[in-house]
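# Working through the structure, step by step
Listed below, chain by chain, are the residues.
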Amino acid sequence: MTQPQLLIDTDPGVDDALAILMAHAHADVLGLSIAAGNVGLAHTTRNARTLVDVVGASTPVFAGCPTPLVRLPEEDAAFVHGLDGLGNVGFPEPKTVAAQEHAALALLRITREHPGDITLVALAPLTNLALALRLDPSLPERVKRLVVMGGAVTGHGNTGRVPAEFNVGFDPEAAHVVFEGFPDFDLVDWELTLRHAFDEDEFDQWLAAGDHRAEFFGRVFQVARETNRERGRRGIIAADALAMAVAIDPSVVVRSERRHVGVELDGRLTRGATVVDWGHRLGLPAQANVVLELDQAKFAAMVRRALGARLPA
């Protein structure tokens, strides 16, 4: 299979870290555009630079929006990812330097340089992508595929507002702009990631059998593992890695349903919720391919390769 060309909008973040390791193991990564989200922009940009150092790549890093489009965020995810976003390990200053170009402008430029070739992978709040879309509404015409990690299609969510998922809930207006602006995208939601968690003992075997990437990820993942255990979440939950698997190899999708998906902007209890028109009642275009089931074995193989894990058959 020819390696896909990926442009990744991200807010590293521990699960972003695994996704970025996967991308560099399986694809041609044209750039990392960075948003605030899991932690603040200074941390997410530095973490992206650290990850480029870890994989030994020359991938450009573009810092983007430090806040959501309209309202200041009500919460971040430092309690999951660590105050620095990478498990409070305390890595030295990375050698990779961020580019001067703003992330939204980089998204537009790179898609113009590679029209029709790029899979855009959105792992963060959609602020950068929404800004790029407002600057140039023709952006979707140049993107081969858009894969979004976001939403909670049956309303379970993982934020202080019950129905909302973090990425969409952090910047609902941006998600609204993107969901309305792209006529076709793949949606990998939070609840799917819970159904496709890895067994902890098996995952530990992959870490033990891996190379320096596995050692790195094992260190940064400790805070998130402990937080998930405290919250009663079972297994190794890797939301952004799941979306990255869909971006790298579309055949990993076993089942999906095409529906219209909107974003609630005003509800007192439901702001940031993704609303799926399961019954085709709204008469609006069905723009989202809602992923409902993945090939777990293929997903696992991608993660093992990203960690450098060579296990006996």
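As shown above, the structure is provided for reference.
In this text the structure is predicted, and so the values were computed from the model without any measurement. (Residues numbered from 1 in each chain as written. Predicted model: local features only at pLDDT ≥ 70, side-chain atom pairs only at ≥ 80, totals over all residues. Heavy atoms only, no water.)

## Focus on the pairing of strand β1 (residues 5–10)
Rules: Each residue is assigned to one of three classes by its accessible area relative to the maximum for its type, calculated with a 1.4 Å probe on protein chains only: buried under 20%, partly exposed between the two thresholds, exposed over 50%. A run of H or I in DSSP counts as a helix once it spans at least four residues, and a run of E counts as a strand once it spans at least two, with each numbered from the N terminus. DSSP bridges decide pairing: two strands pair if at least two such bridges lie between them. When the strands point away from the viewer and the path from the first strand over the helix to the second turns clockwise, the crossover is right-handed.
Of all 6 residues in β1, 6 are buried; the element is thus mostly enclosed. Going residue by residue along β1, you find Gln-5, Leu-7 and Asp-9 tucked away on one face and Leu-6, Ile-8 and Thr-10 tucked away on the opposite face as well. Relative to strand β2 (residues 28–34), β1 runs parallel, the two being bridged by 6 bridges. Paired with Gln-5 across the two strands is Asp-28, which belongs to β2. For the handedness criterion, the β-α-β arrangement of β1, helix α1 (residues 14–26) and β2 is classed as right-handed. Pairing geometry for β1 and strand β4 (residues 118–122), over 5 bridges, is parallel. Bridge pairing in β4 places Leu-6 opposite Thr-119.

## Here we look at empty space enclosed by the protein
Defined as follows: In this analysis a 1.4 Å probe is tested at points of a 1 Å grid over the protein atoms alone, and where it fits but cannot get out there is a cavity; an open set with protein on both sides within 12 Å along at least five of seven lines is a pocket; lining residues have an atom within 4 Å of a point. Grid points are joined across faces, edges and corners, and a volume is the space filled by probe spheres set on the points. Note that Gly is not counted as nonpolar here; it falls among the polar residues with everything else outside the nonpolar set of Ala, Val, Leu, Ile, Met, Phe, Trp, Tyr, Cys and Pro and the charged set of Asp, Glu, Lys and Arg.
Applying the stated criterion across every chain yields a total of 1 cavity of 30 Å³ or more. Of the pockets and cavities examined, the largest cavity occupies roughly 50 Å³. In terms of lining residues, the largest cavity is bounded by Glu-200, Phe-221, Arg-225, Asn-228, Arg-229, Arg-233, Gly-235, Ile-236 and Ile-237. Among the elements that take part in the lining of the largest cavity, helix α12 (residues 222–230) stands out by supplying 3 residues, more than any other. Here the lining of the largest cavity is composed, by residue class, of 3 nonpolar, 2 polar and 4 charged.

## With respect to the pattern of salt bridges
Our working definition: Salt bridges are defined by distance alone: a side-chain nitrogen of Lys or Arg within 4 Å of a carboxyl oxygen of Asp or Glu.
Considering all chains together, one arrives at 16 salt bridges under this definition. Ionic pairing is found between Asp-204 and Arg-225, a salt bridge with its closest N-O pair at 2.7 Å. One end of the pair, Asp-204, is in helix α10 (residues 200–209); the other, Arg-225, is in helix α12, with 21 residues separating them in the sequence.

## Points about the packing of aromatic side chains
Test applied: Side-chain rings of Phe, Tyr and Trp, where Trp is taken by its six-membered ring, are said to pair if the distance between their centres is within 6.5 Å; with planes under 30 degrees apart they count as stacked, over 60 as edge-to-face, and otherwise as tilted.
Counted according to the given criterion, the structure contains 10 aromatic pairs. Here the aromatic rings of Phe-203 and Trp-206 are separated by 5.5 Å at their centres, their planes lie at 55 degrees, and the arrangement is tilted. Linking Phe-203 with Trp-206, this pair stays in helix α10, spanning 3 residues, or about one helical turn. Seen in terms of ring centroids, Phe-203 and Phe-217 are 6.1 Å apart; in terms of plane orientation they differ by 70 degrees. Their pairing is edge-to-face. Remark: Phe-217 occurs in helix α11 (residues 212–220) and Phe-203 occurs in helix α10; sequence separation between them is 14 residues. Classification of Phe-203 by relative accessible area gives buried; the value is 0%. Take Phe-217: its relative accessible area is 2%, and that puts it in the buried class. Of the aromatic side chains, those joined through ring pairs into one cluster are Phe-198, Phe-203, Trp-206, Phe-217, Phe-221 and Phe-299.

## Observations concerning the nonpolar core
The cut-off we apply is this: By nonpolar core is meant a set of buried Ala, Val, Leu, Ile, Met, Phe, Trp, Tyr and Cys residues that side-chain atoms within 4.5 Å join together. A contact between two residues is defined here by any heavy atoms of the two lying within 4.5 Å.
Core analysis: the biggest nonpolar cluster contains 64 residues, and Met-22, Phe-217, Met-244 and Leu-307 have the highest contact counts within it. Once residues within four sequence positions are removed from consideration, Phe-217 is found in contact with Val-14, Leu-18, Leu-21, Phe-203, Leu-207 and Leu-307.

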